[in-house]
Each structure stands twice: as structure tokens, then as C-alpha cells.
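# Topology and contacts: notes
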Amino acid sequence: MNKKLFVLLIALMSLSLLGIVFVQGYWISNAYSTKADQFTITAKQVLLTVAKEIKLKETEAYYKLYMPYVDSIQVPNNVSFTELAYKIQNKATNETYIFTDGILEQDFKLSSGLLNLDSDTIQFRKLTNRKTQTKLSSGIDGNTVSETRVESFSRLKDYEQKQFENFVSTINTLTPIYKRISVSEIKDLLNKELKERGLNTKFEFAVYSNELETKVRTKNFKYNEESTYMVPLFENSNQASYELYVNFSGKEKLVWNSILGMAILSLVFTAVIILAYSSAISQIYKQRQISQIKTDFINNMTHEFKTPIATINLALDSLKNPKVKDNKEFLERYLGMIREENKRMHAQVENVLRISKLEKNELDLPKERVNLQEVVEDAISHVSLIVEDRGGYIKTHYGALKSAVLANESHLTNVIVNLLDNAVKYSDDEPKIDIYSENVKNSVILKIRDQGTGMSKAVQKRIFEKFYREHTGDIHNVKGHGLGLAYVKRILDDHDAEIYVESEKGKGSTFIIKLHLIS
């Protein structure tokens, strides 16, 4: 895939994911705001209802107190009657209706001794309503017939209540608030209204008079702008204004609980999308790297095969020369070159096939008791000539008293050979290799240390990956295909062994193998 297209796709997918996250965050925030607004509306309705019930309760208490006195007085101090008449005519039936509405007002003077007020008497107004209907119609003889009946005769409840509220407000002008309403009464009313509206939340309250706190309050009341609501008490009175402040301390918890289920599901689904996206990006990136590594491998393999093929072709062409045919020394030399180059290509193909079989678990590795130090000596013999040719050395420092392990001798030897071969390849000067062994509990530790070029921390994390090489592309300062260490790791995994690397750029590397001992 083109690099620019790849980056563009990643950018678009990332922007889309960020958009989804933003929308989810906006939805949760908007849902919280909506629920908070709903709570505010409900809370204000509760407070208005409570304030109304407090005022009504006080009015009814005085009404029940004074009505017996009013009913016992036969003659009021002042009586007035107001009457309103209006007419409706039905032409179809030739009937006329005359309605009259009358309001009877009776003023009584009552003693104020019951309330210990400054005045001697209290004016109490009693109102009643009378409605009549008169029907005018033509009789058989043509005379007008009149029929009157009383429609109703009752108290004007709303109007009367308003008048009585004003009366109660007047007589309570000097009454302290704590005598008019108690903490328990307000608490009971609030609990009742909250329960009816399905709100299960804690609250604290206080009554203020002209912005000063009164005795009517709960112990833990604290004003909070976000969760405290106010409603006036005893409105339209001629006395000091009172306000009821209620702090719903559980507001935030209640609002969050109302959206918590959907919010959690939303966050879970968003998290799943993010994880899936991250995994997909990681896989795409790895596949792209693998594709690049395989391309590098093919380039390197092609370069590696070109030289031996060219050498074989030159040797075969030389063998056709009559002078070479008759010269045994040249003949043996060219045949040896063909044989060595053929082995070289065969070894590279075997490496590829071996790794493929190991990945498919098709390689059967029979294991037997072997001596690790003998395996190391055998591996050293394979590379000793190359090391000597370059003026280097391989020294052994065996500190392990026990070195018997259960292993496949052939493959374990190849593991050591690969590590020694790497030590030789990555030594710019003469290769200097030291091999150590020691026993740690029930294991034997083998360390192969060189003084070569070393490697960075980033390279150390990936050197056991198939096809991975520090130098990629067409750079061939070190021959290889990134298969040797992948083979080493796979063989040691099959032996239930472990391998680590310690290295520093420019100061060499140490490969550490840990194998289980057998008795």
C-alpha cells in the first residue's frame, strides 16, 4: 500500500473515532443537563406545593378556631348585600330567564384575647353566596307566567379563603416564624411531596427572614448554588418576608444514577470500538512491516543467490576448457567451488524450510540426554576455522558442575552454531568470543559473549522475529536473512528453554541461554 494512502486512511479512521468519542461525550453531558433540568423543575414544584400547604394549614387552623365563635353570634355588627342581575331570552320558546347573583357580607368583632394581640378586637368577615333563577313565559291565555327558584346558597370558598388568609396574615404580623411552623412539619411535607414524585434524595433546609437565617432549620444545612432551591413562605402578608431554602445534597448522585446505565453501556461500546480500532491499526502496521521485511528478504536472498550462481556458471564454463580437463589440480578446485556454492544455496533453502516447518509444528524433535559442554565444543569446531582465519579466538569458561540436559543434539548444536556465527558476523575487527557456563538451582546457564558492534534497545526487542534484520534493503555489509535467531528462539521454545540478550551499541552482545538440568 502506498505510504501516503496508508497515512491518509489512518488519519481519517482516527478522526472518525475521535468524532464518535466526542458525540458520546456530548450525549452523556446533554443527558446529564436534561436530567438536572428535570430535577430542578420537579424540586421547584415540590417547594411550591410545600409552601402552599404550609400557608393553607395555618389558615385552616385559625378557621377551625374562629368559626365556632362566629356561629355563636346571632347579630353581626354590619351586614351588606351585593346583587347582580342578568337576563337571557330564548326566542324559539318565547321564554326569558332572569338570573341574580348575591353576595352577603357579615362583619363580626371577635375578642383578641385568645391570641394576646395588642388590639382588643379582631374584624372577621363572613361571606355567603345566593343564586336565584326567574323564568318568564306566556301562558295559554296570553298572560305572563313567572317561576322563581333558588339555584344555590353556599359559601364563596375561594373568595372567602382569600379574605380569611388576609385576616390570618394580619393577626400573625408579630408572631415569630418558629411558632407558626416547625422543622418536623416542613420535613414531613417535603418527604411526602418527594415520595409522590418518585424522588428519593437527601435534603437539608432552612427558613430565612429578610436574608437572615431563623431557628427553623436543620443542623447540616449549607447553601450550595447548584443544589439549593428557594420558595417564598406566607406570600402577600404584611409582615417580614420569609423564604424556604432547601439543599438537595443527593441531587448529583440522583441525576447520575438516572443516566448511569445508558452511560456505562455507551462507554463500554465506545471502549470496544477503540480497542478494536487499536488492534486493527496495530495489525495493519505489523503486516506492513512484515511485507517490507519480506521484500527486503527477497532482495537479500536474490543478492545471495546471484553470487554462487555466477560462480557455478564460471566454474562450469572453465571446465569446458581442454586445458582444465587435463589439469587435475584445476579440476578439483573448480569442482570444489561448485560443491561449496551448491552447499551454500542448499543451506539457505534449508533455513527457510526449517523455519516454515517449525511454525507449523511439523518438525519432530526427538530428545535424549546430552552433555551441554560437549554440544558447545562440537559447535565451536564448525566455526573455529573462520574465527582463526580472521585472527580471533573462542575461549570457554565452564563453571557449571552439572550440564546434562534433555535435548535434540543436532538442533541444539545448530542453535550454538547460529549464535557463534552471529558473533563472528557482527565483529568488525577480529572476533573475540567468550563462552561461560554456570549452575543456578536446577538449571544450567550458558552465556556467549562477543566484543562486536552490539545493538540498540529497540533492536534487542525484535531480533528473534523472523526476517528481522537491523540493516534492511540492499545494504549487505552483513550477510544473512533474519532467519538464524528466529530458528534459535523456536528450537529453544521447543526445549522449554529461555534465551535473553544483553547488549550495548559499540560494546558487544551477550546471549544467555537457560536450560533445565536432568538427573
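Conventions we followed
Residues numbered from 1 in each chain as written. Predicted model: local features only at pLDDT ≥ 70, side-chain atom pairs only at ≥ 80, totals over all residues. Heavy atoms only, no water. Helix = DSSP H or I, 4+ residues; strand = E, 2+ residues; numbered from the N terminus. Buried < 20%, exposed > 50% of the residue type's maximum accessible area, 1.4 Å probe, protein only. Contact = heavy atoms within 4.5 Å. Areas by Shrake-Rupley, 256 points an atom, 1.4 Å probe, with all protein chains shown as cover. Patch = residues over 30% accessible without salt bridge, like charges linked within 9 Å, V, L, I, M, F, W, Y side chains within 5 Å. Salt bridge = Lys/Arg side-chain N within 4 Å of Asp/Glu carboxyl O. Lys, Arg positive; Asp, Glu negative; His and termini not counted. Charge placed at Lys NZ, Arg CZ, Asp CG, Glu CD. Pairing = 2+ DSSP bridges. Axes fitted to C-alpha atoms, helices over the stretch in contact; angles between N-to-C directions. Phe/Tyr/Trp six-rings, centres within 6.5 Å; stacked < 30°, edge-to-face > 60°. Lys NZ or Arg CZ within 6 Å of the ring centre and 35° of its normal. Core = buried A, V, L, I, M, F, W, Y, C linked by side-chain atoms within 4.5 Å.

### A look at the overall build of the protein
Check the secondary structure of the protein and you find eleven helices and 15 strands. For the protein, with 519 residues in total, the buried portion stands at 37%. Summarising the internal contacts of the protein: among those between residues at least 6 apart in sequence, 68% fall at separations of at least 24. For the protein, the exposed area adds up to about 32,100 Å²; of that, 53% sits on carbon and sulfur atoms.

### Quick word on a negative patch on the surface
A surface patch of like charges, here negative, comprises Glu368, Glu374, Asp378 and Glu409. With respect to the helices and strands, glutamate 409 occurs in helix 9 (residues 409-425). Look at glutamate 409 and you get partly exposed, because its relative accessible area is 39%.

### Description of the pattern of salt bridges
A full pass over the atoms with the stated rule returns eight salt bridges. For the salt bridge of glutamate 438 with lysine 447, the shortest nitrogen-to-oxygen distance reads 3.6 Å. Taking relative accessible area as the criterion, lysine 447 reaches 23% and is therefore assigned partly exposed. The partner of lysine 507 in a salt bridge is glutamate 504, and the shortest N-O contact between them spans 3.6 Å. Look at lysine 507 and you get exposed, because its relative accessible area is 59%. Judged by its relative accessible area of 45%, glutamate 504 falls in the partly exposed class.

### A closer look at the sheet that holds strand 6 (residues 212-217)
Strand order in the open sheet made by the four strands is 6-5-8-7, with antiparallel pairing throughout. Strands at the two margins of the open sheet, each flanked by one partner only, are strand 6 and strand 7 (228-233). Averaged over neighbouring strand pairs, the angle between their axes works out to 30° when direction is ignored. As defined by bridge partners, strand 7 adjoins strand 8 (residues 242-247) across six bridges and the pair is classed as antiparallel. Paired with tyrosine 229 across the two strands is valine 246, which belongs to strand 8. Sitting on the sheet, helix 4 (residues 183-196) touches strand 5 (204-209), strand 6 and strand 8, and the angle it makes with strand 5 is about 125°.

### Some words on the packing of aromatic side chains
Aromatic ring pairs are described here by two measures, namely the spacing of the ring centres and the angle between the planes. The tally for this structure, following the rule as stated, stands at nine aromatic pairs. Their ring planes at 35° and their centres at 4.7 Å tell us that tyrosine 32 and tryptophan 256 sit as a pair that is tilted. Placement of tyrosine 32 in helix 1 (residues 3-72) and of tryptophan 256 in helix 5 (residues 251-319) is noted, with a sequence separation of 224 residues between them. What makes tryptophan 256 partly exposed here is its relative accessible area of 33%. Taken together, the ring pairs connect Phe39, Phe203, Phe205, Tyr229 and Phe248 into an aromatic cluster. Positioned over the ring face of tyrosine 178 is lysine 215, at 4.8 Å from the centre of the ring.

### Quick look at the sheet that holds strand 10 (residues 393-398)
Across the sheet, which stays open at both edges, the five strands sit in the order 10-12-13-15-14 with mixed pairing between neighbours. In this open sheet, the two edge strands, each paired with only one partner strand, are strand 10 and strand 14 (498-503). Neighbour-to-neighbour, the strand axes of the sheet open up by a mean angle of 15°, direction not taken into account. The strands touched by helix 8 (residues 372-389) within the sheet are strand 10, strand 12 (432-440), strand 13 (443-450) and strand 15 (509-516), with strand 10 carrying the most contacts at an inclination of about 165°.

### Some words on the nonpolar core
Counting 42 residues, the largest nonpolar core has Leu419, Leu420, Ile435, Phe511 and Ile513 as the members making the most contacts within it. Per-element accounting of this core gives the leading share, eight residues, to helix 9. Sequence-distant contacts of phenylalanine 511, that is, excluding residues within four places in its chain, are made with Leu419, Leu446, Lys447, Ile448, Met455, Ile463, Phe464, Leu485, Ile499, Tyr500 and Val501. Residues Ala51, Ile177, Phe234 and Leu244 belong to the second largest nonpolar core, which totals 27 residues.

### Focus: the environment of asparagine 418
Within the secondary structure layout, asparagine 418 lies in helix 9. For the pair asparagine 418 and glycine 484, spaced 66 residues apart in the sequence, the C-alpha separation amounts to 6.0 Å. The contacts of asparagine 418, once residues within four sequence positions are left out, are Gly484, Tyr487 and Val488.

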